[in-house]
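Here's the letter readout for the chains.
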Amino acid sequence: MGDNSSKKIAVLGAGPAGLMAAWRLRQAGFTVTLFEQEAVVGGMCATQRFAGKDGDYRFDYGGHRFITKNPELLAFIDELMGEDLLHAERKSVIRFGGRTYDYPLNLPNLLKTAPLSLMAGAMKDLLLLPFAKKPSDFAKASFAEWIQSHFGRTLYRQFFEGYTGKLWGINPDRLSADWAGQRISLIDLKDVARRLLPRRKGNLSVRTYARKYRYPKYGFGQIFTTLGERLVAEGVELKTSATISRLDRVGDRIERVHWQQDGLEQSEAFDQVISTLPLPLTCQHLGLPCELHYRALRFVNMPLNQENLSDNTWQYLSDPHILATRLQEPRRRSPFMAPAGKTSVMLEVPCNPGDATWQAPLATLRERVSQDLASLGVDTSRLGDETFEARSEYAYPLMDLGYQGRRDAAIQRLMPIGNLIMSGRQGTFRYIFTDTAMEMGLMAADMVIDGVDRRHAIFNHRNENTVIETQSVA
Ligand SMILES: Cc1cc2nc3c(=O)[nH]c(=O)nc-3n(C[C@H](O)[C@H](O)[C@H](O)COP(=O)(O)OP(=O)(O)OC[C@H]3O[C@@H](n4cnc5c(N)ncnc54)[C@H](O)[C@@H]3O)c2cc1C
């Protein structure tokens, strides 16, 4: 193991970023302690398992799928999971105003499905698009401005305004255009129109999105529980149910890490700290200010006494009066997500910690989402009487207008601390997919290994204003 074994590294958080950092560091012979507040590893990529009356029901924090353009990462996952990695195909729809549209939007489907008034408005917008006012400074533009300049006012009003408002809990004109720039599968109105044209070989002008993806037999989290087991077998010290409570800073270094486990406060000195904890939380543990916020989600899962609900991976629920933003059927990803002959519905309900939705008793929430399901045409008499739920307090980094400045200020406050490396989706306050979080974890480990400062590179990793999925297709 060479000299590295005398160096003690603390990795905070055992989501994809923390696990990958710990894995690479251990490969290089470092002594690694991995801290995780939950009882299981995986972070937001974990899969929940509930023992129902009819057998086990499983669901992710929002139905994940693995896509990446990084061949080494793909090979790593393939090797790790072997036969347990299934291949699935994505099919998604938008439910709005009693109609069902393809996702992403395309012209043939719009022509077939949309009311005439909507089509007339969208066509007028398309013709006027070249003359429409574009936001001059993308970095300062709002989501509402960006979408209207790409899709026109009609589609914005119909498909984006209400959905975005309920997802983020703020008016889309207070949301940064950054989110639009990286929004999953966001194709502009010209692309919507181009979809009418026959595909020519080499015609790459129509942006595409990932249809095929990898998914493990027992849920997305299986990737990370398998990785966690491998880490422990290779000598990483994994402390679960261990919540980081404080970081002691002396000058430009973190000297000690404090955590709570089994009701006891404990602490230990480390040479280097990699934190994948939310950026504001890491700042708080160091006594530093940070004005960044997250949007939370409650995930409500109910068994359904039938084998399949639909062939959709995701159903985006655009109507503002429907509480949830997405409906999914975990069984669409893998048949092992529900007992044989049964399926389940899973709804993602956005909220803020402490608000009425966050605090609503599960029975009340079930009643409300069941009414919504009935209005969407689901036969709710087939719902089983069990309800399973999970919550994520840090589901989405809230990219409200001006957040870039507040994020930069937080990063600047942390930069003087030479032995602290922030990493991952939460640690860098970025709306990124799993593969990017894993790459960030590897970059953090590389920095410990070769001493080359990669902290700015990690914060900006894959930060291009491009559609995430077009650069991340497996
Ligand atoms: C609804 C939803 C759907 C998504 N779908 C997809 C998808 O289909 N495909 C995809 O690739 N990505 C998807 N993502 C993104 C994916 O979940 C993240 O990119 C990924 O989980 C980021 O990994 P991470 O390690 O950076 O952070 P996390 O997974 O959040 O891990 C951070 C870890 O730190 C731990 N922690 C926090 N505070 C403390 C503390 N004080 N002490 C100890 N431990 C602590 C947490 O418990 C957690 O385990 C989705 C995200 C959401 C919210």
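The rules behind each value
Residues numbered from 1 in each chain as written. Predicted model: local features only at pLDDT ≥ 70, side-chain atom pairs only at ≥ 80, totals over all residues. Helix = DSSP H or I, 4+ residues; strand = E, 2+ residues; numbered from the N terminus. Buried ≥ 20, exposed ≤ 12 C-beta atoms within 10 Å, placed from the backbone. Contact = placed C-beta atoms within 7 Å. Core = buried A, V, L, I, M, F, W, Y, C linked by C-beta atoms within 7 Å. Axes fitted to C-alpha atoms, helices over the stretch in contact; angles between N-to-C directions. Left-handed = near helix turned anticlockwise from the far one by under 90°. Nonpolar A, V, L, I, M, F, W, Y, C, P; charged D, E, K, R; others polar. pLDDT = per-residue confidence, 0-100. Pairing = 2+ DSSP bridges.

Before going further, it helps to examine the overall build of the chain. A tally of regular secondary structure across the chain gives 15 helices and 19 strands. The principal-axis extents of the C-alpha atoms in the chain amount to approximately 70 × 55 × 50 Å. In the chain, buried positions account for 45% of the 474 residues. Put simply, 73% of the contacts in the chain that link residues at least 6 apart link residues at least 24 apart.

Backbone phi values are negative for most residues with the exception of glycine, while trans is the configuration of most peptide bonds. Unusually for a residue other than glycine, S241 sits at a positive phi of about 50 degrees. With 14 C-beta atoms packed within 10 Å, S241 lands in the partly exposed category.

Next up on the list: the environment of L110. Among the structural elements, L110 can be located in helix α3 (residues 107-113). Residues L110 and G121, eleven residues apart in the sequence, show an inter-C-alpha distance of 12 Å. Leaving out residues up to four positions away in the same chain, L110 has contacts with Y101, L105, M119 and A122.

Turning our attention to the environment of L85. Mapped onto the fold, L85 is located in strand β5 (residues 85-89). Along the backbone, L85 and T113 are 28 residues apart, and their C-alpha atoms lie at a distance of 36 Å. Among residues more than four places away in sequence, those in contact with L85 are I77, D78, R214 and P216.

Attention now goes to the nonpolar core. Formed by 94 residues in total, the largest nonpolar core has its most connected members in I9, V11, L19, A21, A22 and A444. By residue number, the principal contributor to this core is helix α14 (residues 434-450), which donates nine residues. Setting aside chain neighbours within four positions, we find A22 in contact with V11, V32, L34, L231 and V236. Counting 28 residues, the second largest nonpolar core, distinct from the first, contains A114, F143, A144 and M399.

Between helix α1 (residues 16-27) and α14, the shortest axis-to-axis distance is 7 Å and the interhelical angle comes to 35 degrees. For the pair α1 and α14, the crossing hand works out as right-handed. Contacts between α1 and α14 involve P16, A17, G18, L19, M20, A21, R24 and L25 from the first element and T434, A437, M438, M440, G441, L442, A444, A445 and V448 from the second. Each residue belonging to the contact of α1 with α14 can be placed in one class, and the counts come to 13 nonpolar, three polar and one charged.

For D102, the location among the structural elements is in strand β7 (residues 99-103). Excluding anything up to four places from it in sequence, D102 contacts V93 and N109.

This paragraph deals with the confidence of the model for the chain. The share of residues in the chain with pLDDT of 70 or more is 91%, and the mean pLDDT across the chain is 91. Below pLDDT 50 for its whole length, residues 200-208 participates in nine contacts with residues either more than four positions away or in separate chains. Within the model, pLDDT remains below 50 along residues 466-474, and this stretch shows 32 contacts once partners closer than five positions in the same chain are excluded.

For the rest of this paragraph, the subject is the sheet that holds β7. Strands sit in the order β7-β6-β15-β16-β17-β14-β18 across an open sheet of seven strands; the sheet is mixed. Strands at the two margins of the open sheet, each flanked by one partner only, are β7 and β18 (388-397). Ignoring which end each strand starts from, the neighbouring axes of this sheet average 25 degrees apart. With seven bridges joining them, strand β14 (residues 294-304) and β18 adopt antiparallel strand pairing. Bridge assignment links L297 to a residue of β18, and that residue is S392.

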